[in-house]
2 protein chains.
Amino acid sequence: MASSKRDLVLTCARELFEREGFHATGVDRILDKAGVAKMTLYNNFGSKDQLIVEVLNQSSLLMMERIKQYALEASNDSYEQILAIFRALGEWYQDPEFCGCMFQAAVAEFPDHDSAPAQAALAHHQRLTAIFLELCQKAMLKEPEQLSRKLALLASGASCVARQAKARTPADDALNIAEILLERASK
Amino acid sequence: MASSKRDLVLTCARELFEREGFHATGVDRILDKAGVAKMTLYNNFGSKDQLIVEVLNQSSLLMMERIKQYALEASNDSYEQILAIFRALGEWYQDPEFCGCMFQAAVAEFPDHDSAPAQAALAHHQRLTAIFLELCQKAMLKEPEQLSRKLALLASGASCVARQAKARTPADDALNIAEILLERASK
DNA sequence: GAATATTTAGAACGACTTGTCTATTGTATT
DNA sequence: AATACAATAGACAAGTCGTTCTAAATATTC
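Residues numbered from 1 in each chain as written. Chains lettered and ligands numbered in written order. Predicted model: local features only at pLDDT ≥ 70, side-chain atom pairs only at ≥ 80, totals over all residues. Heavy atoms only, no water.

J.: Sorry, what's going on with the nonpolar core here?
T.: Nonpolar side chains in soluble globular proteins tend to end up buried together. The biggest cluster of nonpolar side chains holds 70 residues, and the ones touching the most others in it are Phe86, Leu151 and Leu154 of chain A together with Phe86, Leu151 and Leu154 of chain B. If we skip the residues at most four places from it in the chain, Leu154 of chain A touches Phe86, Ala174, Ile177, Ala178 and Leu181 of chain A together with Leu153 and Leu154 of chain B. Leu16 and Ile52 of chain A together with Leu56 and Ala121 of chain B belong to the second-largest nonpolar core, a separate cluster that totals 58 residues. (Core = buried A, V, L, I, M, F, W, Y, C linked by side-chain atoms within 4.5 Å. Buried < 20%, exposed > 50% of the residue type's maximum accessible area, 1.4 Å probe, protein only. Contact = heavy atoms within 4.5 Å.)

J.: Just to check I follow, could you spell out helix α9 (residues 169-186) of chain A for this structure?
T.: A turn of α-helix holds 3.6 residues, and therefore any two residues three or four places apart point the same way. With 18 residues, α9 of chain A ought to run about 26 Å at 1.5 Å a step, and its terminal C-alpha atoms sit 26 Å apart, in line with that. Those residues of α9 of chain A lying buried are Pro170, Ala171, Asp173, Ala174, Leu175, Ile177, Ala178, Ile180, Leu181, Leu182 and Ala185 of chain A. Where the residues of α9 of chain A are buried, they touch α5 (78-94) and α8 (144-165) of chain A together with α8 (144-165) and α9 (169-186) of chain B. (Helix = DSSP H or I, 4+ residues; strand = E, 2+ residues; numbered from the N terminus. Expected span 1.5 Å × (residues − 1).)

J.: For this particular structure, what's the right way to read the confidence of the model for chain A?
T.: Keep in mind that low pLDDT regions are not for reading the predicted coordinates in detail. Mean pLDDT over chain A stands at 95; residues scoring 70 or higher make up 98%. For chain A, helix α1 (residues 2-20) of chain A is the element with the lowest average pLDDT, namely 90, and helix α7 (residues 116-138) of chain A is the one with the highest, namely 98. (pLDDT = per-residue confidence, 0-100.)

J.: What is the right way to read the state of the cysteines from this model?
T.: Cysteine pairs can be linked by a disulfide, which is a covalent bond between their two sulfur atoms. Counted by the stated rule, this structure contains zero disulfides over all chains. Not engaged in a disulfide, the cysteine Cys101 of chain B finds its nearest cysteine sulfur in Cys160 of chain A; these two sulfurs lie 7.2 Å apart. When its relative accessible area of 9% is taken as the criterion, Cys101 of chain B is described as buried. (Disulfide = S-S within 2.5 Å.)

J.: Got a minute to help me understand unusual backbone geometry in this structure?
T.: Leaving glycine aside, a negative phi is the common case for residues, and trans is the common case for peptide bonds. Residue and element names in this part refer to chain B. Unlike most non-glycine residues, Met140 shows phi in positive territory, near 60 degrees. Structurally, Met140 is set in the loop between α7 (116-138) and α8. The exposure class assigned to Met140 is exposed, which follows from its relative accessible area of 72%.

J.: Just checking my understanding: could you explain the pattern of salt bridges for this structure?
T.: Oppositely charged side chains may form a pair once their charged atoms are brought near each other. All names here are of chain A. In total, this model carries 18 salt bridges over all chains according to the counting rule given. Close ionic contact of Arg6 with Glu54 constitutes a salt bridge, the shortest N to O distance being 2.4 Å. Pair noted here: Arg6 is in helix α1 and Glu54 is in helix α4 (residues 48-74), with a separation of 48 residues, a long-range link. The salt bridge involving Glu134 is made with Lys138; its shortest N-O contact spans 3.3 Å. With Glu134 and Lys138 both in helix α7 and four residues apart, the pair spans about one turn of that helix. (Salt bridge = Lys/Arg side-chain N within 4 Å of Asp/Glu carboxyl O.)

J.: Honestly, the protein's contact with DNA strand D in this entry has me stumped. Any pointers?
T.: The full set close to DNA strand D counts 15 residues, and Lys5 of chain A together with Val27, Lys38, Tyr42 and Lys48 of chain B are the nearest of them. Restricting the count to atoms of DNA strand D within 4 Å of the protein gives a sugar and phosphate share of 61%. One of the backbone N or O atoms of Ala37 of chain A is found 3.0 Å from a phosphate oxygen in DNA strand D. Val27 of chain B has a polar backbone atom sitting 2.9 Å from a phosphate oxygen of DNA strand D. Elements that contribute at least two residues to the surface near DNA strand D include exactly α1 and α3 (38-45) of chain A together with α3 (38-45) of chain B. With three residues, α3 of chain B is the single largest residue contributor to the surface near DNA strand D. Of the residues in the surface near DNA strand D, the class split is seven nonpolar, five polar and three charged. (Near = heavy atom within 4 Å. Polar contact = N/O pair within 3.5 Å; in protein donor to acceptor, adjacent residues only side chain to side chain. Nonpolar A, V, L, I, M, F, W, Y, C, P; charged D, E, K, R; others polar.)

J.: Would you mind showing me how to read the protein's contact with DNA strand C here?
T.: Within the structure, DNA strand C sits among 15 residues, and Val27, Lys38, Tyr42 and Lys48 of chain A together with Lys5 of chain B are positioned closest to it. Here, DNA strand C places atoms within 4 Å of the protein, and 61% of those atoms are sugar or phosphate. Between Lys38 of chain A and DNA strand C, the recorded distance is 2.8 Å, taken from a side-chain N or O atom to a base oxygen. Of all the elements, α3 of chain A adds the most residues to the surface near DNA strand C, at three residues. Considering only residue class, the surface near DNA strand C consists of six nonpolar, five polar and four charged.

Dropping the structure here:
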């Protein structure tokens with residue numbers, strides 16, 4: 001299969017970028033992990049920068065799918081689905097593989113606002129906000145735009161704190177705040 | 001003055017680290033900006049890593065002083081002082097010099113949890129939480145520990161989102177949530 | 001003013017980086 | 001079986017990085 005090597009590189013790169021950062025992860029380490037020659041990487045992606053962008057885009061779509069699926073499995077009620085997303089965050093933070101949100105790392109490592117990684121991170125946050133917005137509207141909650149922005153802010157904050165403290169406490173706190181916000185927006 | 005050169009390097013390094021990141025900022029760029037020879041840096045700090053740590057520690061203390069002072073100038077009431085801190089965040093994000101919270105960048109660029117920069121960032125977050133805790137206790141708010149954790153989470157989340165979107169909206173949203181939380185904890 | 005530190009500019013070093021080139025091996029497809 | 005393509009290992013170039021060293025110039029102290 002032609003694309004299997006490509007996907008392999010993509011996956012290995014994502015794991016290393018997550019764990020050790022983008023700049024700190026050399027191309028050679030990705031190659032070692034993937035067991036692939038250097039030219040296969042450069043033939044498929046052109047450059048490390050482009051590989052980073054593709055990893056970010058793939059990760060965002062993957063994460064969105066997982067979030068949506070998790071919400072659907074948790075409940076049929078949009079209100080409950082929103083809370084389920086925050087419970088999912090708690091489980092994510094408890095995962096020993098968890099090393100913080102990749103997109104927060106991307107904006108930190110590529111501070112130029114116009115850089116492709118920074119824009120990919122912005123797009124990711126907007127996608128997350130859009131998911132919340134859709135659920136807020138379905139649940140007939142008041143001021144859904146502002147509320148979805150707040151929920152996305154809570155998720156970002158929880159991920160940010162969890163990266164430092166490596167506990168589920170931030171997710172619990174965020175969930176608790178989300179419950180309060182939803183309750184107020186429902187009556 | 002012996003320490004003036006040292007402080008100059010410290011300040012220039014902080015500005016460059018903030019704007020362009022730690023790894024992306026080479027030692028030579030710091031020297032150019034400070035107008036200082038290479039050996040003055042290495043005689044004063046020993047290494048770039050140590051310079052980073054000192055920059056982080058200095059920045060944290062500086063930020064804490066500013067926050068406390070801002071709160072004191074805003075009001076005599078602890079309750080109002082908490083809200084004033086979130087209003088200060090909004091002004092900070094509007095500053096054209098704002099490039100995101102330095103400590104969030106530090107944990108992203110030094111993912112190793114035991115690294116000195118990561119620990120400095122953790123200490124910074126704990127200091128911020130401690131300030132909130134003190135104010136919550138003075139204001140006689142319910143469950144001050146949990147509440148101060150939540151407030152710190154809000155501040156982190158707002159900084160995180162503001163770095164991407166570069167607007168005061170996240171600060172306004174965080175302030176709004178904080179108002180809700182304080183109201184609930186006061187009655 | 002002499003002696004002692006400090007600071008300077010700049011060369012040099014070794015380790016690392018991304019990316020390219022080449023020559024060889026493996027693998028499909030016809 | 002033969003041709004076309006993909007992938008391999010590894011050397012290589014070119015550049016950047018942090019760090020050290022040296023020798024001259026400057027500042028500080030006695």
